[in-house]
Amino acid sequence: MQVLIMIYSKKNSQICNSIIKTMPKISNKGKQMPESPIRKLVPYSEIAKKKGNKVYHLNIGQPDIKTPEVAMNAVKNIDLTILEYSHSAGNESYRKKLSAYYINQDISVNIEDIIITTGGSEALMFAMGSTMDQGDEIIIPEPFYANYNGFSTASGVTVVPVISTIETGFALPAVEDFEKLITPKTKAILICNPGNPTGYLYSKEEIMKLAALVKKHDLFLISDEVYREFTYDGDVHYSVMNVPGLEEHAIMIDSVSKRYSMCGARIGCIVSKNKEVMATAMKFAQARLSPPTIEQIASEAALDTPQSYFDEVISEYRERRDTLIEELNKIDGVIVSKPKGAFYCIAQLPVENADAFAQWLLESYDLNGETVMVAPAAGFYSTPGMGLNQVRIAYVLKKQDLISAVRILKAAIPVYNAAQTKA
């Protein structure tokens, strides 16, 4: 757009024409990209810390568990003179070891069924890009991992939510609820198992129901399984890759981030026996050239992590979960279900707006110089108005820190509500 400005000059009594150009505009897609409910309050936490307050970070799934030594040593002992590109599908040696790992998990996949990606995020983008066109629809049980909204927006895909509830522990909604949402534009159903942000672990029966549904309607079933190892109380994870006859429909997303406490490595993978899907995903992989070289070396080495590491980690997270739920249940008006997997839970608080409350905790409240950062749960829904009084809590801190953090929440809630009443 151009604007014509008429300027009168006294000196020469002439009218001068000046063309002023406006700023170029960003895309509508960019405007529609949602903020991360996990990270958007970071500036407020930084301000709180500058005030001298200690902030307990319950907002982000960054484990404080040490990365396996075998992975760290692999990085320390790298003997390379050139950091070269890898194969677009990832290093062959890594894919071979990863295939062996999956076979050990009773997931029978070959090296050709695996493409290494830059985190699970890129794997999801490849999955959407390979199976959906602009305006297509994907059905997702909500609440769901907040970045699914972002990935869908970036891919031009419409999220169609099917609501699960805190009263049922966020169990899989009835298959009939999914089926009535299917339209000619529906291309896939996406689940996270175990779930972020709910911690729900889908049973074999629930997976089989979804499998029957996608086969009936010729859809893809995309399963984000990055928390596979984190299951508690004897419950067992059941992968979509285990379902007989689902080979052409199943797409699995995975990552090293949580399994090995390697969030910064940004290595994931997309896995499918559907040859056309993988050939298409390879074109996206080629477009970004290759996944990171050093991180692949670390991830390959991490596959040699002894079982004792996972036994200790699972035991620690189970204790943290139990501690968190016990402490949250001491707060009047809080509703929380006990997670079966991952290391998150959704808690419903006795506040009207959890987003405002989360910001207030960082801006205006401390208890003896300490405060808490939580993730407002509304950002984990795509249905407007859902989750307004809920927060996601990641129990990735030591047990005493979790106790201290919940004690702060318990003290803060009545103070906040009183302030809101006065306002």
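Since the model is a prediction, treat every value here as computed from it, not as a measurement. Position numbers for residues start from 1 in each chain and track the written sequence from start to end. Under the rules for a predicted model, residues below a pLDDT of 70 receive no local features and side-chain atom pairs below 80 are neither given nor counted, while totals for whole chains, interfaces and linings still include all residues. Values shown for side chains rest on all heavy atoms present in the structure; no hydrogens or waters enter the calculation.

**Remarks on the packing of aromatic side chains**
What counts, and what does not: Each Phe, Tyr or Trp ring (for Trp, its six-membered ring) is paired with any other whose centre lies within 6.5 Å, and the angle between the two planes then decides the class: stacked below 30 degrees, edge-to-face above 60, tilted in between. Exposure classes here rest on a 1.4 Å probe applied to the protein chains alone. A residue is buried below 20% of its type maximum, exposed above 50%, and partly exposed in between. Each helix is a run of H or I in the DSSP string that is no shorter than four residues. Each strand is a run of E no shorter than two, and both are numbered from the N terminus.
Evaluation of the coordinates by the stated rule reveals 17 aromatic pairs. Geometrically, the ring pair formed by Y101 and Y102 is tilted, given 5.1 Å between the ring centres and 55 degrees between the ring planes. Here the two residues Y101 and Y102 agree in accessibility, since each one is buried. Between F357 and W360 the ring centres are 6.0 Å apart and the planes differ by 20 degrees, which places this aromatic pair in the stacked class. Of this pair, F357 and W360 are both found in helix α12 (residues 354-364), three residues apart, which corresponds to roughly one turn of the helix. For the pair F357 and W360, a shared accessibility class is recorded, and that class is buried. A connected cluster of aromatic rings, assembled from ring pairs, spans Y227, F230, Y317, F343 and Y344.

**As for the pairing of strand β13 (residues 370-373)**
Put simply, the rule reads: Pairing between strands is defined by DSSP: at least two bridges between them are needed.
Of the two faces of β13, the one holding E370 and V372 and the one holding T371 and M373 are both buried throughout. Both strand β3 (residues 54-57) and β13 contribute to a ladder of four bridges, which runs parallel. Across the sheet, the residue bridging to V55 is T371, located in β13.

**Brief notes about the environment of A188**
Definition in use: Only heavy atoms matter for contacts: two residues are in contact if any of them lie within 4.5 Å across the pair.
With respect to the helices and strands, A188 occurs in strand β7 (residues 186-192). Taking C-alpha positions, A188 is 17 Å from G150, a pair spaced 38 residues apart along the chain. Those residues within four positions of A188 in sequence are excluded, and the remaining contacts are M132, E137, I138, I139, L219, F220 and I222.

**Some details on the confidence of the model for the chain**
Convention followed: Residue-level confidence of the predictor is summarised by pLDDT, bounded by 0 at the bottom and 100 at the top.
Averaged over all residues, the pLDDT of the chain equals 94, while 95% of them reach at least 70. Note on residues 1-11: pLDDT under 50 across the span, and 27 contacts to partners over four residues away in sequence or across chains.

**Digging into the UniProt feature "domain: Aminotransferase class I/classII large" (unreviewed entry) in the chain**
Convention followed: UniProt positions are given in the numbering used here, feature names are shortened, and annotations may be inferred rather than shown by experiment.
What UniProt calls "domain: Aminotransferase class I/classII large" (unreviewed entry) maps, in this numbering, to residues 54-366. Helix makes up 38% of residues 54-366 and strand 16%, and the two end C-alpha atoms of the span are 9 Å apart.

**A look at the sheet that holds β7**
Rules: A fitted line through C-alpha atoms represents every axis, and for helices the fit uses only the stretch in contact; the resulting angles, taken between N-to-C directions, go from 0 to 180 degrees.
What the seven strands build is an open sheet, ordered β4-β10-β9-β8-β7-β5-β6; its pairing is mixed. If you trace the sheet from one side to the other, it starts and ends with β4 (114-117) and β6 (158-163), each paired once. Taking each pair of neighbouring strands and ignoring which way they run, the sheet shows an average axis angle of 25 degrees. Examined bridge by bridge, strand β5 (residues 137-142) and β7 share three bridges and lie parallel to one another. Counterpart to I138 in the pairing with β7 is A188. Strand contacts of helix α5 (residues 119-131): β4, β5, β7, β8 (220-224), β9 (250-255) and β10 (268-271), with the helix running at about 160 degrees to β9, the strand carrying the most contacts.

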